[in-house]
Amino acid sequence: DNTPELRPTHPLALAPVVAPAASVDGFAKQFLQNLNFDQGVTLSTSDVNDQYLALAYTVRDYLMARWFDDRAQQKAQQNKTVCYLSAEYLLGRQLDNNLLAARLTDIATEALAQCGIDIDDLRQVEIEPGLGNGGLGRLAACFVDSLATMSIPAIGYGIRYEYGIFRQAFADGQQIEQPDAWLRMGSPWDFAHPEAAQTISFAGTTETYDDEGVERTRWVPEWNVLAVPYNMMVPGYHNGRVNTLRLWRAVATNAFDLHTFNSGDYVESVRAQTFAENISKVLYPEDSTPQGKELRLQQQYFFVAASIADFIENVLPEDFDLENLPERVIFQLNDTHPVIGVPELMRVLVDEKKLEWDAAWAITQKCFAYTCHTLLPEALEVWSVDLLGRLLPRHLEIIYRINDEFLLEVRERFGDDEMLIRNMSIIGEHPSRSVRMAYLATVAGSKVNGVAELHSQLLRDNVLKDFATMWPDKFTNVTNGVTPRRFLRLANPDLSALITEALGAGWTVDLERLRGLEALADDADFRERFAAVKASNKRRLSRVLEARGETPLSDDHLIDVMIKRLHEYKRQTLKVLHIVSTYEGIVTGRLDVDAVQPRTFLFGAKAAPGYGMAKRIIHLINAVGEVVSADERVQGKLKVLYPANYNVTLAESIIPAADLSEQISLAGKEASGTGNMKLALNGALTIGTDDGANVEIRKLVGDDNFFLFGMSEPEVEALWADGYRPAEFYQRDERLRSAIDLIASGAFSDGDRTVFEPLVSNLLYEDRFMALADFSSYLDAQERVDAAYADQDGWVRSAILNVARSGYFSSDRAMRDYLDRIWHATPVS
Ligand code: GL7
């Protein structure tokens, strides 16, 4: 910090920073000023993007004073800070959320109206920051919202990708990817701080040296890059708090490669430097299936090293005794992506701050905790020793030493059981030497948690079994949650108004109060109003879809929603088989078309660009949709809609309109799910397996208000152990056979049988996620859905009970659980 001490004398410079007046006039004045002096246009020459940016700046201006205060307080106070380390934050649009948090929605709407502007037009131009893939990234965004709302000192650390999750388009029903240039029209919500950049090093060698009689190791890196922080405001809801989300961007240093430079190739040396800027260029689009690419490891180390250095240098007071670090910080590892932070903190403590290894390790173990978000073995990150050693040679040495000492501990506890040693080693040997990041996190973390009860149990019983035996107290559960501000209050204003009228306004920060709606489920008048809200949400969604060039929704249709990443374990194929079977039943006369419940099947899903099978499934959904929706024999009873580029913004329109929530993963595969919570909270009934958080949803809403089907996790294991032969299910169930045969016949591919052949044979001969085994149970459950929907009164009653009993799934509750079980941090007063 080399700013000279200022000695201002002007009275304005001495006064505290104050927000603009919280009135229509105050807002209008600030807005026009920002339009003129920041955008450089007058109202009459401004376009809608100018107006949007000026509006965003205005909202920011109101939050600024609180932000200054909170950061000063964070630095001054002795409270523990939660540092959430996450490679992804799937934020969604910011404008409405920040208006709501700051209580400015009405004032802003009126001030703009008086300027002749409809605020809705400005809402539409905001491009959401899509800095995440799916559930894991969106969870991080919910958590920072809840932490701010609960006045917990917290910093979200991550990466400011220049390109977020790709934009999806369809050509002939097939996914194509386009870059997400979200920053192109300006980014009014963040603040660059180049003066606070950290230098992050890579590669090179290590050497030992004599430090006044002590032998120490130092890292002699080969190249480096600047990490420039961009700060975003994270306003709490109606509590005047503003926390910080600090996202790092890679910028070339001006230390040119002297060798190249002196050899006269100036341009080449600049090019080599700016190459490092690629680190924050693009978000990896794989959800649950990491690729082990070098750039990804660079990204991980880049943001974690910058965050740890930032915390120590800029958040802690000067001359802080690092022995006390665990009292001041907990670094929460959001999955394995930030786990390289463990050896990094060790390196800082041992090599730079010159602490003894044992002391440093004791500190490190208290400063980290690890959340695991998956059960799929292919999603557990491993890094080849070659790659890691090349990019981060000192870190590899540190990992080896951590592992050596850990394995000694294992021997002490369990004897020389070489099999056990091999199984628990942080270094795996097969198929090639690699670092198992989940194991490193488990060894280093003070706590390890899964994200739903079943998931945490399976972590203890299977994935991390030996570690759970060794350290039973290390393992805990925190079931995920979602923010009620964005996913109920903002996304569903009509239902929110109805709830507030019935229960008062407190539910937004105390979601368990929704229980009060239970009594109203039996009130015919309330049911009618609830149903009217659902109907109006469907009309709103219909307008949104129409504006995107999709067909509008039909009024009397059940809206059956499957929105999530496209992945085989989530089983979109099972959903398609249900659609095809119903269609086949109608056209063959097996089903009486008059008895079929009119339904719209609504999909939203992106596939990882390199995931061939997922892309084929997208193609199949679109192909089936086209045929089914157009076939006159179906008499408009079945519609399939698959709007492209599903994202947070679209989710906010779909979720409030949904009647049925499809949560149909194979039991034991979906760690939690969070879309399942959002849909139940908005009054959709779930059809689902006993998987992830579905288990807890069903327990809370009650069996009568949930359509359970499929094998349980132990049944899945048993069938698998038995030798699963999907073709037997195909032979046994006629409905299944007809559906698969229809796909195989080319009915959805203009008679071309080759198009979906790989998909069909995968189902018949492999079917890793056992769609065929659960098919008949799924169809039976769908029949129960139809019967239940026919009784509208009963359905609405169940929908109300779903809302009333979903309060548990607030991310505020999840934060309380993390605070009690893992973080032990307290709110600032
Ligand atoms: C996920 C899980 O698949 C999902 O079930 C969970 O809700 C989410 C948040 O905990 O984390 N794990 C994962 O790798 N991704 C997820 O969405 C990408």
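Nothing here was measured: the structure is a model prediction, and the numbers come from that model.

Rules used in this analysis
Residues numbered from 1 in each chain as written. Predicted model: local features only at pLDDT ≥ 70, side-chain atom pairs only at ≥ 80, totals over all residues. Heavy atoms only, no water. Buried < 20%, exposed > 50% of the residue type's maximum accessible area, 1.4 Å probe, protein only. Helix = DSSP H or I, 4+ residues; strand = E, 2+ residues; numbered from the N terminus. Pairing = 2+ DSSP bridges. Axes fitted to C-alpha atoms, helices over the stretch in contact; angles between N-to-C directions. Parallel < 35°, antiparallel > 145°, perpendicular 65-115°, else oblique. Left-handed = near helix turned anticlockwise from the far one by under 90°. Contact = heavy atoms within 4.5 Å. Nonpolar A, V, L, I, M, F, W, Y, C, P; charged D, E, K, R; others polar. Patch = residues over 30% accessible without salt bridge, like charges linked within 9 Å, V, L, I, M, F, W, Y side chains within 5 Å. Areas by Shrake-Rupley, 256 points an atom, 1.4 Å probe, with all protein chains shown as cover. Salt bridge = Lys/Arg side-chain N within 4 Å of Asp/Glu carboxyl O. Lys, Arg positive; Asp, Glu negative; His and termini not counted. Charge placed at Lys NZ, Arg CZ, Asp CG, Glu CD. Core = buried A, V, L, I, M, F, W, Y, C linked by side-chain atoms within 4.5 Å. Domains from an automatic or database assignment. Near = heavy atom within 4 Å. Polar contact = N/O pair within 3.5 Å; in protein donor to acceptor, adjacent residues only side chain to side chain.

Visitor: Quick question: what am I supposed to make of helix 17 (residues 437-444) here?
Guide: For an α-helix, the turn length of 3.6 residues means that residues three or four places apart are oriented alike. Counting buried positions along helix 17 gives eight out of eight residues, so the element sits mostly inside the fold. All buried positions along helix 17 are accounted for by Met 437, Ala 438, Tyr 439, Leu 440, Ala 441, Thr 442, Val 443 and Ala 444.

Visitor: Looking at this model, I keep getting lost on the sheet that holds strand 25 (residues 706-708). Mind explaining?
Guide: Neighbouring strands of a sheet are bound in pairs by backbone hydrogen bonds; such pairs are parallel or else antiparallel. Strand order in the open sheet formed by six strands is 22-21-20-23-24-25, with parallel pairing between adjacent strands. Either end of the sheet is taken by a strand with one partner, and the two such strands are strand 22 (638-641) and strand 25. Averaged over all pairs of adjacent strands, the angle between strand axes in this sheet comes to 20°, irrespective of strand direction. When strand 20 (residues 558-563) meets strand 21 (residues 599-604), the two strands line up parallel, connected through six bridges.

Visitor: Sorry if this is basic, but what is going on with the packing of helix 10 (residues 294-315) against helix 12 (residues 341-352) here?
Guide: What describes two packed helices is the angle between their axes and the distance between those same axes. Between helix 10 and helix 12, whose axes approach to 10 Å, the crossing angle comes to 45°. When the interaxial angle is binned, helix 10 and helix 12 end up oblique. Two packed elements cross with a definite hand, and for helix 10 against helix 12 that hand is right-handed. Counted together, Tyr 301, Val 304, Ala 305, Ile 308 and Ile 312 of helix 10 and Gly 341, Glu 344, Leu 345, Arg 347 and Val 348 of helix 12 form the full contact between these two elements. The residue inventory of the contact of helix 10 with helix 12, partitioned by class, reads seven nonpolar, one polar and two charged.

Visitor: Would you mind going over unusual backbone geometry with me for this structure?
Guide: Trans peptide bonds make up most of the peptide bonds, and negative phi angles are found at most residues other than glycine. A cis amide bond, omega 0°, links His 430 with the succeeding residue Pro 431. Within the secondary structure layout, Pro 431 lies in the loop between strand 16 (427-428) and strand 17 (434-436). For Asp 335, which is not glycine, the phi dihedral falls at a positive 70°. Tracing the chain through its elements places Asp 335 in the loop between strand 13 (329-334) and helix 12. We classify Asp 335 as buried; its relative accessible area is 6%.

Visitor: Is there a simple way to explain a negative patch on the surface in this structure?
Guide: A cluster of acidic residues, Asp 172, Glu 626, Asp 750 and Asp 752, forms a negative patch on the protein surface. Residue position: Asp 172 is located in the loop between strand 5 (167-171) and strand 6 (174-178).

Visitor: What am I meant to see in the nonpolar core here?
Guide: The tendency in soluble globular proteins is for nonpolar side chains to be buried side by side. Counting residues in hydrophobic clusters, the biggest one holds 152 residues, and the most contacted among them are Leu 55, Phe 202, Phe 302, Phe 311, Leu 325, Ile 402 and Trp 823. Shared between two domains, this core takes at least three residues from each, and those domains are domain 1 (1-77 + 98-119) and domain 2 (83-92 + 128-478). For Trp 823, the contacting residues outside a window of four places in its chain are Lys 80, Val 82, Tyr 84, Leu 147, Ile 330, Gln 332, Met 815 and Tyr 818.

Visitor: Please clarify how the environment of Pro 235 should be interpreted in this entry.
Guide: Mapped onto the elements, Pro 235 comes out in strand 11 (residues 223-235). With a relative accessible area of 3%, Pro 235 lands in the buried category. Once residues within four sequence positions are removed from consideration, Pro 235 is found in contact with Leu 63, Asn 98, Ala 101, Asp 145, Ala 148, Arg 241 and Val 242.

Visitor: Please explain the site of the ligand as it appears in this structure.
Guide: With respect to spatial proximity, 14 residues lie near the ligand, and among them His 373, Asn 480, Glu 670, Ser 672 and Gly 673 are the closest. A distance of 2.8 Å separates an oxygen atom of the ligand from a polar atom in the backbone of Gly 673. If the ligand stood free it would expose 400 Å²; the protein chains cover 94% of that surface. Of the residues belonging to the shell around the ligand, the class tally is five nonpolar, seven polar and two charged.

Visitor: Would you mind going over the sheet that holds strand 15 (residues 382-384) with me for this structure?
Guide: The strand order across the open sheet built from three strands is 15-17-16, with neighbouring strands paired in antiparallel fashion. Taken across any chain shown, the strands that pair with only one partner, and hence form the sheet edges, are strand 15 and strand 16. Judged from the three bridges that link them, strand 15 and strand 17 form a sheet pairing that is antiparallel. Bridge pairing in strand 17 places Ser 384 opposite Ser 434.

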